[in-house]
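Residue strings, one per chain:
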Amino acid sequence: MTLTTAKTAPPESRSHVSAGPAVRARLGSIDLLRGIVMIVMVLDHTRDFVNVNGLVGDPTNLATTTPMLFLTRWVTHYCAPIFVFLAGVGAYLQHSRGMSTRDLSRFLFTRGLWLIVLEATVIRITTWFNVDYSFLITLQVIWTLGVSMIVLAALIHLPLRVIAGLGLAMILLHNAFDGIHVMSWQGPGSPVPSLAAKLWILLHQPAEFFPVFGDGSPLVFVVYPLMPWIGVIAVGYAFGAIYTLDPARRRTLLLRTGLGLIAAFIVIRATNLYGDPRPWSPQSSVLFSVFSFVNTTKYPVSLMYLLMTIGPALLALAWFESRLALSERGESNGRPSHVEQIVTRVGRVPMFFYLCQWPLAHGLAVAVSAGAGKDIGWYFKSPPAVFAAVPANAGFDLPVVYLCWLAVLSVLIPLSLWFSRVKERNPSPWLKYL
């Protein structure tokens, strides 16, 4: 694990804001947290392909779920918000390390475009094993991150306080628009949503299909609307400024902010007044009542969802920072374990890890189903298109899901360690896009 070193540097004249003390080395605490959420993410995607009804059921439906199934899905709620938030933090750290505002803006814009291209090509094909582009794209977290980076490329030219204010406004206020719904597309032959309706779906109305142009044109499926993810990456960028502070003060701020967000979640969620379109309610048992309380809305991500996930993430960063401080002082209980070093390296190559996990998880699901003699849903048509997914009621129970998750990780982690070493040896700027 790498340690944080802060040195005083002159303000960058081309910056929109004084950079303060520059962060010269990679931050092991951020890489470690990112690595953890990436590994947990694979569990969710493995469950999608391997579990019974993985792609058609709702594991958070309290009327049909089991405690283990609910927790298997719920723990992965931490992945997307932390991933996007840390992307914003990472952008600020690049600025702090000396990248000019203009160069950073150019990088964020081009990388954002690249992520959208990846969503429409590599991720789309390896997720669904489908090359029929009459179904154009599923707009998931990578497209959202891509668009958010493009918007952030413009925002970073503003003062840091303005960036933080705009991001917080998006996060705090977007649930006020939960009641606005445009008419959905009902299928071939039905009216196609207007341009304004499509834009609203892209911004705030999830789980919607619509043709890109007119009836008969390629279809888009919106899973991740953009609001308030743009706000999350903007707040992450502004929050990155704390990494130019003295480490002790930084840990204190991480701890206090994390506890404050958790307290805000508990208080606001208990009232059911605002922040999530799905209110909680007492259930038949204490356990399921707790499940109802933490069963916040992901599509579109609610204020409660973000408080519930970002708050503990900041506490984790504070804890990791404390361990790094102990290690820096030479104390044995702060030295990173072998597992921590591996997870930290995984956190340095998140995009490579993300791209590889789709074909591995889906391919293993097909192989395991075929080996067990189950229907795997293959079909062929003209033009050549192949699709494979475990059909409804043909998958496996959770023990098999967890075994497949470990099997995917046994391949994915060594691949990521290899690629992290490639990036260390090769300073090519092109590798930053992975």
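By convention here, each chain's residues receive numbers from 1 onward along its written sequence. Thresholds applied to this predicted model are a pLDDT of at least 70 for local features of residues and 80 or more for the giving and counting of side-chain atom pairs; totals over whole chains, interfaces and linings are not thresholded and use all residues. Hydrogens and waters are ignored; side-chain quantities use all the structure's heavy atoms.

Peer 1: Help me out: how do you make sense of helix H3 (residues 79–96) in this one?
Peer 2: Working note: α-helix, 3.6 residues per turn, so residues spaced by three or four point in the same direction. In this model H3 runs 25 Å from its N-terminal to its C-terminal C-alpha over 18 residues, within 8% of the 26 Å that 1.5 Å per residue would give. When a residue's accessible area, from a 1.4 Å probe over protein chains only, is under 20% of the maximum for its type it is buried; when over 50% it is exposed; and in between it is partly exposed. Helix numbering and strand numbering both begin at the N terminus, where a helix is a DSSP run of H or I of at least 4 residues and a strand a DSSP run of E of at least 2. Within H3, 17 of the 18 residues are buried, leaving the element largely enclosed by the surrounding structure. Where H3 ends, the next residue or the one after it, Gly98, has phi of about 120 degrees, a positive value. Working rule for helices: expected span equals 1.5 Å times residues minus one.

Peer 1: Just to check I follow, could you spell out helix H1 (residues 28–50) for this structure?
Peer 2: Here H1 is 23 residues long and its end C-alpha atoms lie 33 Å apart, about the 33 Å a rise of 1.5 Å per residue gives. Burial within H1 is extensive, with 22 of its 23 residues counted as buried.

Peer 1: What am I meant to see in the nonpolar core here?
Peer 2: As a rule of thumb, nonpolar side chains are buried together in soluble globular proteins. Note on terminology: a nonpolar core comprises buried Ala, Val, Leu, Ile, Met, Phe, Trp, Tyr and Cys residues joined through side-chain atoms within 4.5 Å. Among the nonpolar cores identified, the biggest contains 105 residues, and Leu33, Phe85, Tyr237, Tyr243, Phe353 and Tyr354 are the most heavily contacted of them. Of all the elements, helix H11 (residues 303–328) adds the most residues to this core, at 13 residues. The residues touching Phe85, leaving out its near neighbours within four places in the chain, are Val232, Val235, Gly236, Phe239, Ile310 and Leu314. Counting 12 residues, the second-largest nonpolar core is a separate cluster that includes Ile137, Ile201, Leu202 and Phe210. Only heavy atoms enter the contact rule, under which two residues are in contact if any of them lie within 4.5 Å.

Peer 1: How should the side chain of Glu119 be read in this particular structure?
Peer 2: Within the secondary structure layout, Glu119 lies in helix H4 (residues 101–128). For the buried Glu119, which has no salt bridge, the nearest side chain bearing the opposite charge is Arg124, at an N-O separation of 9.3 Å. Within the structure, the side chain of Glu119 is placed 3.2 Å from the backbone nitrogen of Ile142, a separation counted as a polar contact. Pairs of N or O atoms within 3.5 Å make up the polar contacts considered here, provided that, within protein, one atom can donate a hydrogen while the other can accept it, and that residues adjacent in sequence are counted only when both atoms are side-chain atoms. At 2.8 Å, the side chain of Glu119 and the backbone nitrogen of Trp143 are in polar contact. Not counting chain neighbours up to four residues away, the residues in contact with Glu119 comprise Arg124, Ile137, Thr138, Gln140, Val141, Ile142 and Trp143. Only four residue types enter the charge count, namely Lys and Arg as positive and Asp and Glu as negative; His and the chain termini do not. By salt bridge we mean one thing: a side-chain nitrogen of Lys or Arg within 4 Å of a carboxyl oxygen of Asp or Glu.

Peer 1: Sorry, what's going on with the pairing of strand E5 (residues 219–222) here?
Peer 2: Regular strands place side chains that alternate from one sheet face to the opposite one. On E5, burial follows the alternation: Val220 and Val222 on one face are buried, whereas Leu219 and Phe221 on the facing-out side are not. At least two bridges found by DSSP between two strands are what make those strands a pair. For strand E3 (residues 135–139) and E5, the ladder comprises four bridges, and the chain directions are parallel. Note on E5: the bridge partner recorded for Phe135 is Leu219. In this structure, strand E4 (residues 208–211) lies alongside E5, joined through four bridges in antiparallel fashion. Opposite Phe210, over in E5, you have Val220 as the bridge partner.

Peer 1: Would you take a moment to explain the layout of surface pockets for this structure?
Peer 2: Roughly 1,200 Å³ of internal volume is contained in the largest pocket. Along the walls of the largest pocket sit 44 residues, with Asp48, Arg73, Gln140, Val223 and Tyr299 positioned nearest its centre. Those elements that provide at least two residues to the lining of the largest pocket are H1, H3, H4, E3 and helix H13 (350–371). When residues in the lining of the largest pocket are grouped by element, the largest group, eight residues, is from H1. Along the lines of polarity and charge, the residues of the lining of the largest pocket split into 24 nonpolar, 13 polar and seven charged. Any residue with an atom within 4 Å of a point lines the site, the site being either a cavity, points on a 1 Å grid over the protein atoms alone where a 1.4 Å probe fits but cannot get out, or a pocket, an open set with protein on both sides within 12 Å along at least 5 of 7 lines. Grid points are joined across faces, edges and corners, and a volume is the space filled by probe spheres set on the points. Side-chain classes follow a simple rule in which Ala, Val, Leu, Ile, Met, Phe, Trp, Tyr, Cys and Pro form the nonpolar group, Asp, Glu, Lys and Arg form the charged group, and the remainder, Gly included, forms the polar group.

Peer 1: Explanation requested: empty space enclosed by the protein in the structure shown.
Peer 2: One simple way to see leftover space: roll a probe sized like a water molecule over the atoms. By the definition in use, this model includes two cavities of 30 Å³ or more. Taken as a whole, the second largest cavity spans an internal volume of roughly 40 Å³. What lines the second largest cavity is Ile268, Arg269, Asn272, Tyr274, Asp276, Pro279 and Met304. Classifying every residue of the lining of the second largest cavity by side-chain character gives four nonpolar, one polar and two charged.

Peer 1: So what exactly am I meant to see when it comes to the sheet that holds E3 here?
Peer 2: Backbone hydrogen bonds are what pair the strands of a sheet, in a parallel or an antiparallel way. Spatially, the three strands line up as an open sheet ordered E3-E5-E4, and their pairing is mixed. The strands lining the two open edges of the sheet, one partner per strand, are E3 and E4. The sheet shows a mean angle of 20 degrees between the axes of neighbouring strands, taken without regard to direction. Axis definition: a line fitted to C-alpha atoms, limited for helices to the stretch in contact. Angles are taken between N-to-C directions and run from 0 to 180 degrees.

Peer 1: So what exactly am I meant to see when it comes to the confidence of the model for the protein here?
Peer 2: Detailed reading of the predicted model is not advised wherever pLDDT is low. When pLDDT is averaged across the protein, the result is 88; 88% of the residues are at 70 or more. The predictor attaches a confidence to each residue, called pLDDT, with possible values from 0 through 100. Here residues 1–20 scores under 50 on pLDDT; set against residues more than four positions off or in separate chains, the count is 59 contacts. The model gives residues 381–385 a pLDDT under 50, and that stretch makes seven contacts with residues more than four places away or in other chains.

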